[in-house]
Amino acid sequence: MQKKITKAIFPVAGLGTRFLPATKSVPKEIMTLVDRPLIQYAIDEARAAGITEFIFVTSRGKSALEDYFDHSPQLEAELEAKGKLELLEMLKTTNMDSGQIAYIRQHKALGLGHAVWCARRLIGDEPFAVILPDDVIAAEKPCLQQMVEAFEQAPGNMVAAMEVPMDKAKNYGMLDVAEDHGNLVTIRGMVEKPKENPPSNLAVIGRYLLTPQIFDNLSSSSKGAGGEIQLTDAIAQELTEGRKVYGYRFQGQRFDCGSKAGFLQATVAFGLAREELRDELADYLHEIVNFSKAAQ
Ligand code: G1P
C-alpha cells in the first residue's frame, strides 16, 4: 500500500535579493501578507493536507525564521494576564510541537534540486511534499490537500500545474503533456525555464508530491538551467526510467510572492478577504482607481 504523506520540505535558503534592502535582515519568508508571514501560509496549507513533520532547508541569516516557530512563553503569559484570549489562541496556532520541525542547512546555493536533496536523510524511504513558500495559493480547499487526495487515487510524482502566457514560460518549469484528463494530466517530459519553444503552456507551480527515488536522481544530477541543480530535471528523469509523473491543475488563485508585483497583489487580495479590513480597503481602492482615471 502507498504510504501516507506526512513530511514536507520547505526550501527557504534563498537570499531574497529581489526584496533588498528588506531582506538584509529579514528572511523573505517572514515578510507579511496582511499580518501573517509568508511561511505561515505554507505551514497552514501543509497542515491541512495532513503534514505533521516540517523540514526547513535554510541558510545563513535565517535565524528569525527559526525564532518564529519557537513558543513564546513570556508573550503568551502577558496576553493571558491582560485577558487578550483571542490573540493568545491565534498565537498558539503558530506554535510547533517539539520534534515536529527540523532545520537543515544548505551550505552552498546550488539550486532547488540540491536544497531538496539536503533533506534526504530526514525523509527516508517514503513519499513527501515540497512547498515553495513564494507561491501563495488562495483556495477553498488548500492546494496541497487537493493534490494529496489526487495522489491517493493516482500515486506517483505529482506537480501542481497552471496555464501561463507563453511569453512567461521562460520563468517556469514547463510540462510536456501526454494526456490531458482535466485536473490530472500525464506528462512525457518537463523542461526548466525553456528559453524558447516551451512544450505547452502548462507551468509547474511550487507544490510537489515526490517519491524517494528522486533523491537518487538528485545524487547524480548535473547542473541544469541557470547552472543550478534543478528539481525539474530530477523529476523528468523519473519519466525516462518509466515511472509516473502527473501534473495537477489545482483549483485556486496563485500569487507569485517572489516578485514585488505578485506580493502587492497578494496583499490586496488577502486584505480584501479579511472581514475587518474589506470595506475600508475596497473604498480606498475605488478611490485611487477613480483618481487615476480622472488624472488620465
Ligand atoms: C521554481 C522551479 C520552477 C517552478 C517555479 C514555480 O523556480 O524551479 O520549475 O516553475 O519555482 O514558482 P524559481 O521561481 O524558484 O526560480
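For the structure, see preceding data.
In what follows, the accompanying structure is described. Computed from a predicted model, the values in this text were never measured in an experiment. (Residues numbered from 1 in each chain as written. Predicted model: local features only at pLDDT ≥ 70, side-chain atom pairs only at ≥ 80, totals over all residues. Heavy atoms only, no water.)

1. Side note on the overall build of the protein
The helix and strand tally for the protein stands at 11 helices and 13 strands. A compact globule built from 296 residues would reach a C-alpha radius of gyration of about 19 Å, and the protein, at 20 Å, matches this within 12%. For the protein, the C-alpha atoms occupy an extent of roughly 60 × 55 × 40 Å along the three principal directions. When burial is assessed residue by residue, the protein has 45% of its 296 residues classed as buried. Sequence-distant contacts in the protein: of pairs separated by 6 or more residues, those separated by 24 or more amount to 75%. Only carbon and sulfur atoms are counted for the fraction: they give 52% of the accessible area of the protein, which is about 15,500 Å². Across the protein, 33 positive and 40 negative side-chain charges occur, with their mean positions spaced 6 Å apart. (Helix = DSSP H or I, 4+ residues; strand = E, 2+ residues; numbered from the N terminus. Rg over C-alpha atoms; globule rule 2.2 N^0.38 Å. Buried < 20%, exposed > 50% of the residue type's maximum accessible area, 1.4 Å probe, protein only. Contact = heavy atoms within 4.5 Å. Areas by Shrake-Rupley, 256 points an atom, 1.4 Å probe, with all protein chains shown as cover. Lys, Arg positive; Asp, Glu negative; His and termini not counted. Charge placed at Lys NZ, Arg CZ, Asp CG, Glu CD.)

2. Here we look at a negative patch on the surface
On the surface, Glu 275, Asp 279, Glu 280, Asp 283 and Glu 287 cluster together to form a negatively charged patch. Its relative accessible area of 65% is what places Glu 280 among the exposed residues. (Patch = residues over 30% accessible without salt bridge, like charges linked within 9 Å, V, L, I, M, F, W, Y side chains within 5 Å. Salt bridge = Lys/Arg side-chain N within 4 Å of Asp/Glu carboxyl O.)

3. Here we look at helix H10 (residues 260–272)
Here H10 contains 13 residues, and its C-alpha end-to-end distance of 18 Å stays within 8% of the 18 Å for a straight helix at 1.5 Å per residue. All of the buried residues in H10 are Gly 262, Phe 263, Ala 266, Phe 270 and Gly 271. Taken down its axis, H10 places every buried residue within 165° of arc, on the same side. Seen from the open side of H10, the exposed residues pointing more than 90 degrees away from its buried face are Lys 260 and Leu 264. Looking at the buried side of H10, the elements it contacts are strand E2 (32–33), helix H1 (38–48), strand E7 (135–138), strand E13 (253–256) and helix H11 (275–295). (Expected span 1.5 Å × (residues − 1). Arc of directions from axis to C-beta.)

4. Re the nonpolar core
Counting residues in each nonpolar core, the largest one holds 38 residues, and the members touching the most others are Phe 10, Ile 39, Phe 56 and Leu 209. Residue assignment for this core shows that the elements contributing at least two residues are strand E1 (7–11), H1, strand E4 (53–58), strand E6 (128–131), helix H7 (143–153), strand E8 (157–163), strand E11 (202–210) and strand E12 (245–249). For this core, the element with the most residues is H7, which contributes six residues. Discounting residues that sit within four places of it in the chain, Phe 10 has contacts with Ile 39, Ala 42, Ile 43, Ala 46, Phe 54, Ile 55, Phe 56, Val 57 and Ile 131. (Core = buried A, V, L, I, M, F, W, Y, C linked by side-chain atoms within 4.5 Å.)

5. Focus: the site of the ligand
The immediate surroundings of the ligand are formed by 13 residues, with Asp 135, Gly 173, Glu 192, Lys 193 and Val 204 found nearest. One nitrogen or oxygen atom from the side chain of Glu 192 is found 2.7 Å from an oxygen atom belonging to the ligand. Interatomic distance of 2.6 Å between a backbone N/O atom of Val 204 and an oxygen atom of the ligand. Relative to its unbound accessible area of 380 Å², the ligand is 76% covered by the protein chains. When atoms are counted within 2 Å of each cavity's grid points, the one that captures over half of the ligand is the largest pocket. It is E11 that contributes the most residues to the shell around the ligand, three residues altogether. (Near = heavy atom within 4 Å. Polar contact = N/O pair within 3.5 Å; in protein donor to acceptor, adjacent residues only side chain to side chain. 1 Å grid on protein atoms, 1.4 Å probe; cavity = no way out; pocket = protein on both sides within 12 Å on 5 of 7 lines; lining within 4 Å. Sits in = over half its atoms within 2 Å of the grid points.)

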